Structure formats: structure tokens, C-alpha cells
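# Remarks on the overall topology
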Amino acid sequence: MRIGVIGGTGREGHGLGLRWRLAGHEVLVGSRDAEKARAKAAELTQLSGRPVTGGTNEWAAREAELVVLCVPYSAHAATLEGLRGALAGKVVIDITVPLRPPQVRVVHLPPGSSAAQEAQALLGPEARVVGALHHVSSSHLAEPGEPVECDVLVCSDDQAALDLALTLIKDLGLTAYDAGPLANAVALESLTPVLLHLNKKYKSPGAGIRFTGLG
Ligand SMILES: NC(=O)c1ccc[n+]([C@@H]2O[C@H](COP(=O)([O-])OP(=O)(O)OC[C@H]3O[C@@H](n4cnc5c(N)ncnc54)[C@H](OP(=O)(O)O)[C@@H]3O)[C@@H](O)[C@H]2O)c1
């Protein structure tokens with residue numbers, strides 16, 4: 001699949017792009033700065049041994065079959081508004097956690113909502129928003145040879161989009177579960193600040209989650 005990574009020059013985008021390219025997917029690195037995206041694409045090309053391309057976020061959103069949004073929450077709404085046309089009809093995996101620096105270890109949610117629900121509202125019904133990957137630390141994703149000790153919960157109001165995301169996340173080498181409708185993103189996004197607290201408390205590079213009893 002041709003996957004566009006918006007904010008693909010960042011920490012999470014790096015590991016996702018590298019792992020998806022190694023799994024055989026085409027990866028389009030997006031950035032506000034096309035040159036910066038091309039430099040990251042060159043780095044991923046070297047690391048994966050397979051060609052990766054880069055360009056603006058708008059280019060990546062338009063050219064991709066599916067898009068992953070990897071920008072900080074402070075840039076979430078503005079980035080989506082700028083890409084609304086390019087994202088019409090597409091599956092958008094939103095990994096955003098609505099953190100409020102510097103208090104990143106305290107839950108902060110948009111009132112009565114979540115970043116993923118905000119994305120769906122901003123993009124309208126034509127885009128098929130999926131919330132996922134909120135608990136997977138970029139430090140683990142960046143080591144494709146290492147297993148990631150973290151399950152992934154995936155939610156969406158579009159079952160086909162959710163199922164596609166489950167498949168792509170399994171291609172990253174992760175175990176992924178259907179966590180229900182997009183409204184459940186509130187629970188998923190709320191857990192990340194707790195993991196960040198655990199990282200600090202127990203001096204971990206990236207605490208993860210595991211589910212039991214799911215067969
Ligand atoms: N890091 C993790 O371990 C982790 C884990 C789970 C979920 N997440 C979530 O994943 C998202 C990305 O996290 P990250 O750690 O990868 O972030 P990051 O490295 O700080 O930033 C990612 C990219 O976002 C773009 N960006 C930064 N400020 C922007 C702005 N004001 N407007 C538009 N674009 C901007 C930058 O790309 P350009 O400068 O190239 O445009 C940057 O490379 C966040 O929402 C975070 O909550 C992160």
C-alpha cells in the first residue's frame with residue numbers, strides 16, 4: 001500500500017516509515033518543508049535498503065492511498081484543515097495524543113472529545129478516521145529488528161478502515177485489536193500520559209501495554 005506519513009520527519013514517523021517500508025509498503029514522507037522530507041526519505045532509504053520518497057505534507061496526502069497523521073497536538077487542527085481536500089475519501093490513521101506540554105504526564109483531552117474525534121469533525125464524513133498507535137513509543141519503533149512489547153488498540157466508526165489499519169499495524173510487527181468506535185479514542189488517548197508517568201517513575205525508555213484473555 002502507498003502510505004503517506006504526515007509529519008513523517010518526526011520521531012514516530014521515522015519508525016513507522018522504516019517498519020512499513022521493510023514490510024514492503026511504499027512510504028511517502030511528508031513535511032512542511034519538502035527538503036526536510038527528502039532528507040528523511042534518503043535516511044529511510046539507506047536504513048531499509050528500499051527507495052522512500054519525500055515531499056510536502058500536501059503532496060504526501062494527495063499521492064497516498066492511506067495517510068498517517070504524526071504531528072503534535074498543537075499542530076493537529078491546523079494541519080488537518082490544510083489537508084482537508086487531499087484527504088477526502090481516504091483512511092486517516094490519527095496517532096495524536098492531545099498532550100499539553102510541559103504537563104505531558106497528566107491527562108488532557110479536548111472537552112467532551114478526543115483528538116481523533118476532532119479529526120473526524122474537521123475532515124467531515126468523507127474521510128475515514130482511525131485512532132491507533134497512541135501507546136507505542138518511538139524509541140521501540142526505531143529498532144525494527146527488536147520485538148515491541150506493546151499491543152495496539154484501534155478504533156474507528158468505519159469498520160473497513162479499522163480492519164485495514166489492523167492489517168497495516170500487524171505489518172509493523174505489532175499485535176493489534178479492534179477497540180470499537182471512534183468515541184473510544186477518549187480512553188486510548190487518556191492512557192498515554194499515564195504511560196509517560198510510568199516511564200519517569202520507573203526509568204523506562206517506553207512502557208507499553210499488553211492484553212490478556214483475547215485468545
Ligand atoms: N513519540 C512517541 O513516542 C509517540 C508515541 C505515540 C503517539 N505519539 C503521537 O504522535 C504524534 C507525533 O509525535 P512525535 O514524537 O513523532 O512528534 P515530533 O517528532 O515532535 O514531531 C513530528 C513532526 O511534526 C511536525 N510538526 C512539528 N510542529 C509542527 C507544527 N507546529 N505544525 C505542523 N507540523 C509540525 C514536524 O515535521 P516538519 O517540521 O517536517 O513539518 C515534526 O517532525 C504526536 O501527536 C504524539 O502525541 C508519539
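Overview of the structure. (Residues numbered from 1 in each chain as written. Predicted model: local features only at pLDDT ≥ 70, side-chain atom pairs only at ≥ 80, totals over all residues.)

### Focus on the overall build of the protein
Operational definition: Runs of H or I in DSSP of at least four residues are treated as helices and runs of E of at least two as strands, each being numbered from the N terminus. Atoms considered for the radius of gyration are the C-alpha atoms alone. The globule rule reads 2.2 Å times the number of residues to the power 0.38.
If you tally the helices and strands in the protein, you get eight helices and eight strands. Here the protein has a C-alpha radius of gyration of 16 Å; the compact-globule value for 215 residues is 17 Å, and the two agree. Along the longest, intermediate and shortest principal axes, the C-alpha atoms of the protein span 40 × 40 × 40 Å.

### Things to note about the packing of helix 4 (residues 76–87) against helix 5 (residues 115–123)
Put simply, the test is: Angles shown run from 0 to 180 degrees and are taken between the N-to-C directions of axes, each axis being a line fitted to C-alpha atoms and, for helices, limited to the stretch in contact. Reported orientations rely on four angle classes, namely roughly parallel under 35 degrees, roughly antiparallel over 145, roughly perpendicular from 65 to 115, and oblique for the rest. For any helix crossing, the convention is left-handed if the near helix is rotated counterclockwise from the far helix by under a right angle, and right-handed if that rotation is clockwise. Any pair of residues counts as being in contact when their C-beta atoms, constructed from backbone geometry, are within 7 Å of one another. Following the grouping adopted for this structure description, the nonpolar residues are Ala, Val, Leu, Ile, Met, Phe, Trp, Tyr, Cys and Pro, the charged ones are Asp, Glu, Lys and Arg, and the polar ones are all others, Gly among them.
Viewed as axis vectors pointing N to C, helix 4 and helix 5 meet at an angle of 45°, and their least axial separation amounts to 9 Å. Considering the angle they form, helix 4 stands oblique to helix 5. Seen from above, helix 4 lies across helix 5 with right-handed handedness. Note on element contacts: helix 5 touches helix 4 through A115, E118, A119, L122 and L123, opposite H76, A77, L80, E81, R84 and L87. Considered class by class, the residues forming the contact of helix 4 with helix 5 number seven nonpolar, one polar and three charged.

### Here we look at the packing of helix 1 (residues 11–22) against helix 2 (residues 34–48)
Put simply, helix 1 and helix 2 touch, their axes get as near as 10 Å, and they point 45° apart. Considering the angle they form, helix 1 stands oblique to helix 2. The handedness of the crossing between helix 1 and helix 2 is right-handed. Every residue of helix 2 that contacts helix 1 at G17, L18, R21 and L22 is listed here: L44, L47 and S48. Classifying every residue of the contact of helix 1 with helix 2 by side-chain character gives four nonpolar, two polar and one charged.

### Focus: the sheet that holds strand 8 (residues 176–178)
Under the convention used in this document: Should DSSP find at least two bridges between two strands, the strands are regarded as paired.
The eight strands are arranged 3-2-1-4-5-6-7-8 in an open sheet whose pairing can be described as mixed. Here the strands that pair on one side only, and so sit at the sheet edges, are strand 3 (53–56) and strand 8. Here the strands of the sheet are splayed against their neighbours by 25° on average, with no regard to which way each runs. In terms of strand pairing, strand 4 (residues 66–69) meets strand 5 (residues 91–94) through four bridges, oriented parallel. Note on strand 5: the bridge partner recorded for L66 is V91.

### Observations regarding the site of the ligand
For clarity, the cut-off: Placing the C-beta atom from the backbone, one calls a residue near a molecule or strand if that atom lies within 6 Å of it.
Around the ligand, the structure places 26 residues, and the nearest of them are G7, G10, E12, S31 and A75. Broken down by element, the shell around the ligand gets its largest block of residues, three residues, from helix 1. Its residues assigned to classes, the shell around the ligand comprises ten nonpolar, eleven polar and five charged.

### Some thoughts on the environment of G49
Its location among the elements puts G49 in the loop between helix 2 and strand 3. As a C-alpha pair, G49 and A37 span twelve residues in sequence and 17 Å in three-dimensional space.

From the geometry alone we can't say anything about function, so treat these as descriptive.
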